Structures are given as C-alpha cells and as structure tokens.
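Tertiary structure, described
Residues per chain, in single letters:
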Amino acid sequence: MSEFHWGHALLLFLALFALYSPIAALSSYLPLVEGYTPKEQRKLALGLFRNVTVLMLLALWVGEPLLELLGISTAALSATGGIALILAAVPMMTGSNAKPPPENGKPATSSPKAPWRSIVFTPLTFPLTFGGTTFGFFVAYRADVSGWKAGIAMTVAGLAYAAVTGITLYLAGHVVRRVSPNTAALLDRVAGILLTAIAVMLLASGGTRMVNDILTSL
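First, a word on what this report is: a plain description of the structure on this page. (Residues numbered from 1 in each chain as written. Predicted model: local features only at pLDDT ≥ 70, side-chain atom pairs only at ≥ 80, totals over all residues. Heavy atoms only, no water.)

**Thoughts on a positive patch on the surface**
Together, Lys39, Arg42, Lys43, Arg50, Arg117, Arg177 and Arg178 give the surface a local cluster of positive charge. Here the element with the most residues in the positive patch is helix H3 (residues 38–70); it accounts for four residues. Topologically, Arg42 is positioned in helix H3. Taking the relative accessible area as the measure of exposure, Arg42 reaches 41% and is therefore partly exposed. (Patch = residues over 30% accessible without salt bridge, like charges linked within 9 Å, V, L, I, M, F, W, Y side chains within 5 Å. Areas by Shrake-Rupley, 256 points an atom, 1.4 Å probe, with all protein chains shown as cover. Salt bridge = Lys/Arg side-chain N within 4 Å of Asp/Glu carboxyl O. Lys, Arg positive; Asp, Glu negative; His and termini not counted. Charge placed at Lys NZ, Arg CZ, Asp CG, Glu CD. Helix = DSSP H or I, 4+ residues; strand = E, 2+ residues; numbered from the N terminus. Buried < 20%, exposed > 50% of the residue type's maximum accessible area, 1.4 Å probe, protein only.)

**Quick notes on the packing of aromatic side chains**
Per the stated rule, a full pass over the model turns up five aromatic pairs. Seen in terms of ring centroids, Phe130 and Phe135 are 6.4 Å apart; in terms of plane orientation they differ by 80 degrees. Their pairing is edge-to-face. As far as the burial class goes, Phe130 and Phe135 line up, both buried. Clustering of aromatic rings is evident, with ring pairs tying together Tyr20, Phe130, Phe135, Phe138 and Tyr161. (Phe/Tyr/Trp six-rings, centres within 6.5 Å; stacked < 30°, edge-to-face > 60°.)

Here's what the structure looks like:
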C-alpha cells in the first residue's frame, strides 16, 4: 500500500463523478420520479443520498473482506445490476408502461404510482446510481492506501459523491414537473433506450469478467 495523501481522495471523487455522469443520470431519473409529489421527490433524493452513503461506507471499510466472506465478486454485482435494470428499462423503451389515452368525453386519469419507498433502492440506488463497478472503485481505492486518516479522507470523497447523486435526483424532480405530457412520453422512450443500453453493458461487462475469473482460477 502506498503512503496516503489527499490526492487519492480527489482522484476517487473525480473517477466516481465521471462514471456517474450527472447529466446522463438526470435523464435516466426523469421517468422514475414522474408522477410523484414534490415532497415525495425530496424524500426520494434524501433516500438516495442515505443509501449511497451506507453502501459507500460498507465498500470503504468492510468491502473487500465482505465480498470474500460472501463469495461474491464485483463482476457478479455488475451482472445482477444489469438484469435488474433490464426489467425496469424495457417497458419504458417499448412504451408498454405508457398511460392509455382517455376515452372520448372522459377526463384523462393517471395510473397510481407505486409507493416511493418501493423504488428508492431498486432501481434508483442499485443499479442506476451504485452498482458493482462503483462498489469496486471504492474497494480498489481503499486497498491502495492504509491508515485511518486515509479512510476518513476517502469517506469525505464518498460523501461528496453521495451528495452529487441526491442533488441530481432532486433536480430531476424539478425538470419533470416542467415538461408537457407529450415531452414526458418521449423522454420515457429515450430514457428507456438509454437505460437498456446501460443494462446490456453492465450485464456484458459483468458476465465477461466472471468468465475471465473462472478461466483464470482453472
């Protein structure tokens, strides 16, 4: 392990920021936060910040031994995240979750949304915001340094990352309230395509690394 300096923490944050890409993440959040009240959207943002913080702390402080104990690799987490994301993204891409048009003479009715708590972990936290790759980033950067001071600095970087994710989701709530129904439907399709592409990449990347790990161990 190398001697720690604050540059490690800054590099960790910049790597996570680039991986997360707030603009792309905001567009993927739009169809998920649509239909919730401003209060519920704030709760979603706070819930995402809390979940990312907890997962970040687990990854930094007990990530490596925890994965070894459970026999789970970050590749497996990535592949699992890809499967979970496909299940949520394909209906958006195909439009099968779109609201039916109102009958003649009848006002449009909106389908009831699932409770906000039901989406705050899956898919908002996992795998959209914190997947196997993100977990692996924290474990790898922490393994490269030693000492409790390094752990604290890495934790500060992780909290900054968690704050970015919560703020991005909060802004998504503001954006989705200001678009027309037709624009929202179009954004649903675009986000569905984007999320499906991300899911395929996660599944392919995780699956490939799992196969490589198996071949290496032989």
